[in-house]
Amino acid sequence: MKSNLEKTMEKSAQYYVYKAFKILMYILLGIIIVFLVGYIVMRLWKWLMPDIYGLP
């Protein structure tokens, strides 16, 4: 049977692992969003610039 201290330490470890995982997922989501916005801006740039300024 586990002591009270062991249960507390186990819950604490689970909390910090979950928190680290959550932070990692937010960072990954942020990177994906940055690349997606950059791709959309690039596509709009290539689509609109020739029509607006008469570029080739």
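Please refer to the structure higher up on the page.
Every value quoted in this text rests on a predicted model; they were computed, and no experiment measured them.

(A) Geometry of the overall build of the protein. Across its full length, the protein carries one helix and zero strands. Taken over C-alpha atoms, the radius of gyration comes to 24 Å for the protein, far larger than the 10 Å a tight globule of 56 residues would show. Expressed as lengths along the three principal axes of its C-alpha atoms, the size of the protein is roughly 75 × 10 × 10 Å. Within the span of the protein, comprising 56 residues, buried residues form 2% of the whole. As displayed, the protein offers around 5,700 Å² of accessible surface, 74% of which is attributable to carbon and sulfur atoms.

(B) Focus on helix 1 (residues 4-53). Given a rise of 1.5 Å per residue, 50 residues ought to cover 74 Å, and the 72 Å separating the end C-alpha atoms of helix 1 matches this to within 8%. The principal kink in helix 1, of about 25 degrees, is found at W47, preceding the proline P50 by one to four residues. Two residues or fewer after helix 1 comes G54, characterised by a positive phi angle close to 65 degrees.

(C) Main features of a nonpolar patch on the surface. Taken together, L36, Y39, I40, M42, L44, W47, L48, I52, Y53 and L55 make up a surface patch of nonpolar side chains, about 1,000 Å² in accessible area. Secondary-structure assignment places M42 in helix 1.

(D) Fine view of the packing of aromatic side chains. Per the stated rule, a full pass over the model turns up one aromatic pair. With centroids separated by 5.1 Å and ring planes inclined at 70 degrees, the aromatic side chains of Y15 and Y16 adopt a geometry described as edge-to-face.

(E) Seen up close, the environment of N4. Looking at the secondary structure, you find N4 in helix 1. Judged by its relative accessible area of 62%, N4 is exposed. Once the C-alpha coordinates of N4 and G54 are considered, the two residues, 50 residues apart in sequence, prove to be 74 Å apart.

Calculation rules
Residues numbered from 1 in each chain as written. Predicted model: local features only at pLDDT ≥ 70, side-chain atom pairs only at ≥ 80, totals over all residues. Heavy atoms only, no water. Helix = DSSP H or I, 4+ residues; strand = E, 2+ residues; numbered from the N terminus. Rg over C-alpha atoms; globule rule 2.2 N^0.38 Å. Buried < 20%, exposed > 50% of the residue type's maximum accessible area, 1.4 Å probe, protein only. Areas by Shrake-Rupley, 256 points an atom, 1.4 Å probe, with all protein chains shown as cover. Expected span 1.5 Å × (residues − 1). Bend = angle between axes of the 7 residues up to and from the residue. Patch = residues over 30% accessible without salt bridge, like charges linked within 9 Å, V, L, I, M, F, W, Y side chains within 5 Å. Salt bridge = Lys/Arg side-chain N within 4 Å of Asp/Glu carboxyl O. Phe/Tyr/Trp six-rings, centres within 6.5 Å; stacked < 30°, edge-to-face > 60°.

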